[in-house]
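# Descriptive analysis of the structure
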Amino acid sequence: MSAYLLRRLAYALPILLGVNLLTFALFFMVNTPDDMARLHLGVKRVTPEAIENWKAARGYDKPLFLNVQASGSGVLTDTIFFEKSLAMFAFEFGQADDGRDIGNEIRTRMWPSLAIALPTFVIGLLVNISVALILVFFRHSYVEWTGVVLAVAMMSISGLFYIIAGQYLFAKVWALAPISGYQDGFNAARFVWLPVLVGVVGGLGAGARWYRTLFLEEAGKDYVRTARAKGLSEARVLFRHILKNGMVPILTGAVAVFPLLFMGSLILESFFGIPGLGSYTIDAINAQDFAIVRAMVFLGAVLYILGLILTDLSYTLVDPRVRLK
Amino acid sequence: MRRLILLLSLIPLAACQQAVNNPYPTEEAGLGILYSAFSERPKHLDPARSYSSNEVAFTGQIYEPPLQYHYLKRPYELIPLTAEAVPRPRYEDAQGRSLPEDAPAAAIAVSVYEIRIRPGIRYQPHPAFSLDGAGKPRYLPIPTALLDEVTAIPDFPEPGTRELTAEDYVYQIKRLAHPGLHSPILGLMAGHIVGLGDLAKTLEAEARHGKGGWLDLRNQPLAGVQVVDRYTYRILIKGKYPQFIYWLAMPFFAPVPWEVDAFYSQPGMAEKNLVLDWWPVGTGPYMMTVNQPHRQMRLTRNPHFRGEPYPAEGAPGDAEAGLLADAGRTMPFVDEAVYSLETETIPYWNKFIQGYYDASGISSDNFDQAVQAGAGGEVDVSPEMAARGIELKTSVSASLFYTGFNMLDPVVGGLDEKRRKLRQAIAIAMDNEEFVAIFRNGRGIPAQGPLPPGLFGYRDGREGMNARVYDWVDGQPVRKSLTEAKRLLAEAGYPGGRDAVTGRPLVLNFDTPARGPDDKARLDWLRKQFRKIDIELVIRGTDYNRFQDKMREGTAQIFEWGWNADYPDPENFMFLLYGPHKKVGSGGENAANYQNPEFDRLFVQMKDMDNGPARQAIIDRMVDILREDAPWIFGFYPKNYALHHGWLHNVKPNLMANNELKYRRVEPGSRSVARQEWNRPHWLGPALLAGVLVLGLYPAWRAYQRRQQAPGRSGRTEP
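What you see is a predicted model; the values in this text were computed from it and never measured.

### Some thoughts on the overall build of chain A
A tally of regular secondary structure across chain A gives 14 helices and zero strands. Taking 20 Å as the expected radius of gyration for a compact globule of 325 residues, we find that chain A reaches 25 Å, considerably beyond that expectation. Expressed as a percentage of its 325 residues, the buried residues of chain A come to 51%. Sequence separation of 24 or more characterises 69% of the internal contacts of chain A that already satisfy a separation of 6 or more. Total accessible area on chain A is roughly 15300 Å²; 69% of this is exposed by carbon and sulfur atoms. Across chain A, 28 positive and 23 negative side-chain charges occur, with their mean positions spaced 12 Å apart.

### Here's the deal with unusual backbone geometry
Leucine 140 of chain B connects to proline 141 of chain B through a cis peptide bond whose omega is 5°. Tracing the sequence through the fold places proline 141 of chain B in the loop between β6 (110–116) and α3 (144–149). Even without being glycine, glutamine 288 of chain A reaches a positive phi, approximately 50°. Its identity is not glycine, yet asparagine 650 of chain B carries a phi of approximately 65°, on the positive side. Structurally, asparagine 650 of chain B is set in the loop between β26 (648–649) and β27 (665–666).

### Section: the sheet that holds strand β4 (residues 90–92) of chain B
Residues and elements named next belong to chain B. One open sheet holds the five strands; their spatial order is β5-β4-β6-β8-β7, and the pairing between them is antiparallel. Of all the strands in the sheet, the pair left with one neighbour each is β5 (98–99) and β7 (225–229). Judged from the three bridges that link them, β4 and β6 form a sheet pairing that is antiparallel. Paired with arginine 90 across the bridge in β6 is valine 112.

### Quick look at a nonpolar patch on the surface
Residues Leu160, Ile164, Leu266, Ile267, Ile282 and Ile285 of chain A together with Ile346 of chain B make up a contiguous nonpolar surface patch of about 510 Å² in total accessible area. Within the residue set of the nonpolar patch, elements represented by two or more residues are α8 (159–173), α12 (266–272) and α13 (280–286) of chain A. Note on placement: leucine 160 of chain A falls in helix α8.

### Some details on the domain arrangement of chain B
Residues and elements named next belong to chain B. Under the domain assignment, chain B is made up of domain 1 (2–16 + 684–709), domain 2 (47–272) and domain 3 (399–640). Distance between the C-alpha centres of domain 2 and domain 3: 38 Å. Its largest share of buried area at the contact with domain 3, domain 2 owes to Lys240, Gln243 and Tyr246, together 46% of the area lost on that side. The tally of links between domain 2 and domain 3 comes to zero salt bridges. At the junction of domain 2 with domain 3, the criterion picks out four residue pairs in polar contact (both at pLDDT 80 or more).

### Topic: the interface of chain B and chain A
Between chain B and chain A, the residue contacts involve 66 residues of the former and 62 residues of the latter. Counting the surface lost from both chain B and chain A, the interface buries some 5600 Å², and carbon and sulfur atoms represent 49% of this. Scanning the region where chain B abuts chain A turns up three salt bridges. Residues glutamate 105 of chain A and arginine 41 of chain B are paired through a salt bridge, measuring 2.9 Å at the closest nitrogen-oxygen approach. The interface formed by chain B and chain A holds 19 residue pairs in polar contact (both at pLDDT 80 or more) in total. Elements with a minimum of two residues in the side of chain B that touches chain A: α5 (186–190), α9 (345–353), α16 (544–553), β24 (558–564) and α22 (684–709) of chain B. Considering every element that reaches the side of chain B that touches chain A, the biggest residue donor is α22 of chain B, with eight residues. By residue class, the composition of the side of chain B that touches chain A is 28 nonpolar, 18 polar and 20 charged.

### Some points on the packing of helix α1 (residues 2–30) of chain A against helix α14 (residues 290–318) of chain A
Residues and elements named next belong to chain A. Contact geometry for α1 and α14: axes closest at 10 Å, N-to-C directions at 150°. Here α14 runs roughly antiparallel to α1, going by the angle between their axes. Crossing handedness for the pair α1 and α14: right-handed. Two secondary-structure elements touch here, α1 through Tyr4, Leu5, Arg8, Leu9, Ala12, Ile15, Leu16, Val19, Thr23, Phe24, Phe27 and Phe28 and α14 through Phe290, Val293, Arg294, Val297, Phe298, Ala301, Val302, Ile305, Leu308, Ile309, Asp312 and Leu313. Broken down by class, the residue content of the contact of α1 with α14 amounts to 20 nonpolar, one polar and three charged.

### Overview of the pattern of salt bridges
The full count for this structure, using the stated rule, is 69 salt bridges over all chains. The salt bridge involving arginine 8 of chain A is made with aspartate 312 of chain A; its shortest N-O contact spans 2.3 Å. Here aspartate 312 of chain A lies in helix α14 and arginine 8 of chain A lies in helix α1, a separation of 304 residues in the sequence. A network of salt bridges, in which partner residues are shared, links Asp34, Asp35, Arg38, Glu52 and Lys55 of chain A together with Arg546, Asp549 and Arg552 of chain B.

### Focus: the packing of aromatic side chains
With the rule as written, the count across this model stands at 55 aromatic pairs over all chains. With a centroid separation of 5.5 Å and 65° between ring planes, the pair formed by phenylalanine 156 of chain B and phenylalanine 263 of chain B is classed as edge-to-face. Of this pair, phenylalanine 156 of chain B sits in the loop between α3 and α4 (166–175) while phenylalanine 263 of chain B is found in helix α8 (residues 258–264), placing the two residues 107 residues apart along the sequence. As far as the burial class goes, phenylalanine 156 of chain B and phenylalanine 263 of chain B line up, both buried. Cluster of aromatic residues (ring-pair linked, three or more members): Phe24, Phe27, Phe28, Trp54, Tyr60, Phe65, Phe81 and Phe290 of chain A. For arginine 388 of chain B, the ring lying beneath its charged end belongs to tryptophan 678 of chain B, and the centroid distance is 4.6 Å. A cation over a ring is seen here: arginine 443 of chain B above tyrosine 641 of chain B, with NZ or CZ 5.9 Å from the ring centre.

### Some remarks on the nonpolar core
In terms of nonpolar packing, the biggest core is built from 130 residues, with Ile193, Ile235, Phe244, Trp247, Phe253 and Met574 of chain B touching the most fellow members. Summarising the domain contributions, this core has at least three residues from each of domain 2 (47–272) and domain 3 (399–640) of chain B. Apart from residues lying up to four places away in sequence, phenylalanine 253 of chain B is in contact with Pro65, Pro66, Tyr169, Ile173, Leu176, Ile185, Met189, Ile193, Phe244, Trp247 and Leu248 of chain B. Formed by 38 residues, the second largest nonpolar core is a distinct cluster that contains Phe27, Ile80, Met296 and Leu303 of chain A.

### Some remarks on α4 of chain B
All names here are of chain B. In terms of residue burial, α4 counts as a mostly covered element, since nine of its 10 residues are buried. Within α4 the residues assigned to the buried category are Ala166, Asp168, Tyr169, Val170, Tyr171, Gln172, Ile173, Lys174 and Arg175. Its buried side turned inward, α4 meets α6 (196–209), β7, β8 (232–238) and α8.

The rules behind each value
Along each chain, residue indices are assigned from 1 in the same order as the chain's sequence is written. Each chain takes a letter, starting from A, and each ligand takes a number, starting from 1, following the order in which they are written. Only residues with pLDDT of at least 70 are given local features in this predicted model, and only at 80 or more are side-chain atom pairs given and counted; all residues enter the totals for whole chains, interfaces and linings. To get the side-chain values, take all heavy atoms of the structure and skip hydrogens and water. Counting from the N terminus, the helices are the DSSP runs of H or I reaching at least four residues and the strands are the DSSP runs of E reaching at least two. Every radius of gyration here is taken over C-alpha atoms, with the globule rule written as 2.2 Å times N^0.38, N being the number of residues. Each residue gets one of three labels from its accessible area relative to the maximum for its type: buried under 20%, exposed over 50%, partly exposed in between, using a 1.4 Å probe on protein chains only. Contact criterion: two residues are considered in contact whenever any of their non-hydrogen atoms come within 4.5 Å of each other. Throughout, the Shrake-Rupley method with a 1.4 Å probe supplies accessible areas, and for residues the shown protein chains are the sole cover considered. The convention is simple: Lys and Arg are positive, Asp and Glu are negative, and His and the chain ends are not counted. Each charge is placed at NZ for Lys, CZ for Arg, CG for Asp and CD for Glu. The pairing criterion for strands is at least two bridges between them, as found by DSSP. Surface patches are defined over residues having more than 30% relative accessible area and no salt bridge, joining like charges when they lie within 9 Å and nonpolar side chains (Val, Leu, Ile, Met, Phe, Trp, Tyr) when within 5 Å. Should a side-chain nitrogen of Lys or Arg be within 4 Å of a carboxyl oxygen of Asp or Glu, the pair is scored as a salt bridge. Boundaries between domains were set according to an automatic or database domain assignment. Buried area, as used here, totals the accessible surface that two parts lose on assembly, with accessibility defined by a 1.4 Å probe and the loss added over both. Here a polar contact is recorded for every N or O atom pair within 3.5 Å, except that within protein the pair must consist of a potential hydrogen donor and a potential acceptor, and residues adjacent in sequence are included only if both atoms are side-chain atoms. When residue character is reported, Ala, Val, Leu, Ile, Met, Phe, Trp, Tyr, Cys and Pro are called nonpolar, Asp, Glu, Lys and Arg charged, and the others, Gly included, polar. Here an axis means a line fitted to C-alpha atoms, over the contact stretch when the element is a helix, while the angle between two N-to-C directions is reported on a 0 to 180 degree scale. Geometric relationships in this document are graded by angle, where less than 35 degrees denotes roughly parallel, more than 145 denotes roughly antiparallel, 65 to 115 denotes roughly perpendicular, and other angles denote oblique. Should the near helix be turned counterclockwise from the far one by less than a right angle, the crossing is left-handed, whereas a clockwise turn marks it as right-handed. Centre distance within 6.5 Å is the pairing criterion for rings of Phe, Tyr and Trp, where only the six-membered ring of Trp is used; planes under 30 degrees apart are then read as stacked, over 60 as edge-to-face, and the remainder as tilted. Here, a charge over a ring is recorded when the distance from Lys NZ or Arg CZ to the ring centre is within 6 Å and its angle to the ring normal is within 35 degrees. Working definition of a nonpolar core: buried Ala, Val, Leu, Ile, Met, Phe, Trp, Tyr and Cys residues. They are joined through side-chain atoms within 4.5 Å.

Below you can see the structure in the form of structure tokens.
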């Protein structure tokens, strides 16, 4: 298994380099260093000298990928791409283009993001599985039909509707939760429960349908028929056999997204005033802050790769037939 | 179980003490705190860099430049802040001889501003001022163990303070030239302050060849800025620049002590965001104690602030409005100001209605809920708002939105008669009254010229009317008819909207970065205005960067632009049309690339004049030239509508001042009572919702039970 892990980590390096290269190419295709300087320096009284100074101070006055004027290895190393990429692999994100430390920002903002994302994920998973099991339990009945119709309806409604409706009902009309805001420590619970509720309800339609499909697939297999033929109760068949075997794709799917929970949710955090990482990348794209964009894309790629590796590992835990070599 | 019951029984009890939806900590209840919000994180809090209004909203409360605007008087008037008096410039010729005050601008080589500050003013508590037993800076260098421990400036255990001196002001002016700071006004000020441009070049060379770290500006001479004595400094301005006095009321000219610069320049500080751009240091009434721009900013009363009396005089009507009730009382009144990040308007508005924000603007979505117009057109708060004691304050902003023509464009540009008439025809067709009514809920005044109300040179009534676009009818300006516009269009060579020579329809292009679904209605409206006189308008939507490129390269044809006044002087608007400031070629602020020799000559003359009839006459002529040439379609002056609760006092919009927080007063008692009353929790609703859910599950439960009791099972299950 160690060899497998080492090999996967080695594969990760060219992937990360490729992601970095793509981020560079896409970002600078849309924004030139001059555009970035202008946006950072403001719209009033910006002189050409100020733009040149800004670029020079941040190393954006160099060529992007190839420095034909340099000699030796400088052709590749004396470029924006090389200088801005190398430190990323040591997880040194440096300073944003507005001068603020990116690592510090990520460390501060990931906790509120987790405070929302983790309970939403765990509770959402439990609720979705429970509802899916109920639907499977009552399959071919009006409970299932009603549930499926409701699930499709809930899937079709925009996530924004759940947020606004949740805020309207629970925070405004019933005055049971702050509309937005956040506090540290145990006080966070007062601010977190409503966005978590909204997140869970908002994801219920799609989640329940997806898990129902998984369970129905399992329910049609031979071992289930055998279990029933042995005279096991429906509940026992469902919870002992179907659920257990259905957990393989659930678990592996869940493990894959687990590391990405750090990145937060843009809309939920924005509406509920949660000071998380959700809006960090979008704000940076709007502000043309390349330092933040490349750091967050890099971090996202690392977490995604980590998620995939964890998925592979989890296969070995839940399915003894799988061996990693 | 017993514990759970006890816990559940405590919930309503807790709710009685403080509303459950209160977003603030319980211990803040009843304190003299002002609650506000910000929608965009401030980028810079360093006084050499901060320029945007959302940044100055914070820096203005902390830093103290020598001058400030009178809070209540109109027209805007500069008064001393830390200075003993508003300085009057002394003029010298090229030989250094004194000149009289009325000397012609051409004869003046240097204007000398000598500023004397008041003794005894002290800085906020800050570690940069902390001294050890030997009188040396305690945190210079900062111990590594301590640096590992602290995350914010208030974490330092032993802050210090010291008296404000003239040298601190001089140090900050030198900082404007610092190559690492990229001060937005360096280019402008290098053209005015003697020696500042040379200092910038010297510092840049030093930074390039130096080892990095702190650049001690005390050792860098600046010919045009000198310390006279402990409390006096002198600024030398090239020639005559009367508008310089307004800059002395902005944080760019606030003091920065060398100790602070040295303190923040230490290794390891930037990695923890312990920099001046994050933790400002000033002598003002407030200091920053929490800086979490992704969440909350907190300004707390500076314990070393000297106190300042609330103004005893105001504009007519201020006394009746209760704005002089606190006359003579020592400011600041509010102990703390808490600013929360609200990026969405819905939660911001709802929290204001719930009493959790003391003041709010009005978005278009909430306009009808908040405001209603009377029979005579006067506006007031809606009955719903009035019942909550909410008050409305309106003001006309010192800003202008306009539609510009690129004067270098072969179709719409140029100063010849035909193209001038084409622009005039479009100006008549563009119904700005309708635009303000539809898209701004009436919050704007259609503009008659480039100068907004409140600025010297602005004229009201008939004499202020743009006679090329309006007629004076029944005591008010009425837009000329479309027939007149079509006549002008025909004279311009486009009868019926077609080229008289080729017969082709006239197609014009509007360049804009606005291309989202929210902009569609506005752009459709714009097309309609041109269609009224048979001109086809093509919307060339593009992203912001490409739009800026087009403007710089002069390839845009028609565009929208705006300007927000830096200071209340007509020069600050007229320079937007001064030929040498053209965007194409010089990168200036003249986005229309307009150049009229007579206008340029008058501008040079007007900018150096003192306010008076002679200056007014020149401004009148300049405005007339602009109306005739029509490089801009004067759009509208925006009107600000702001709401505040009845417990917030001394609210008067001041569009120039940036240090308004010290004037504000809150009544925490009234606020607590109102919050309690408006936010009673309703438990019945969620109980009913839970009941419906349980009832919905009941048939399933029953079915499950039936199935459990069934003697045998079939392939199909029935609930």
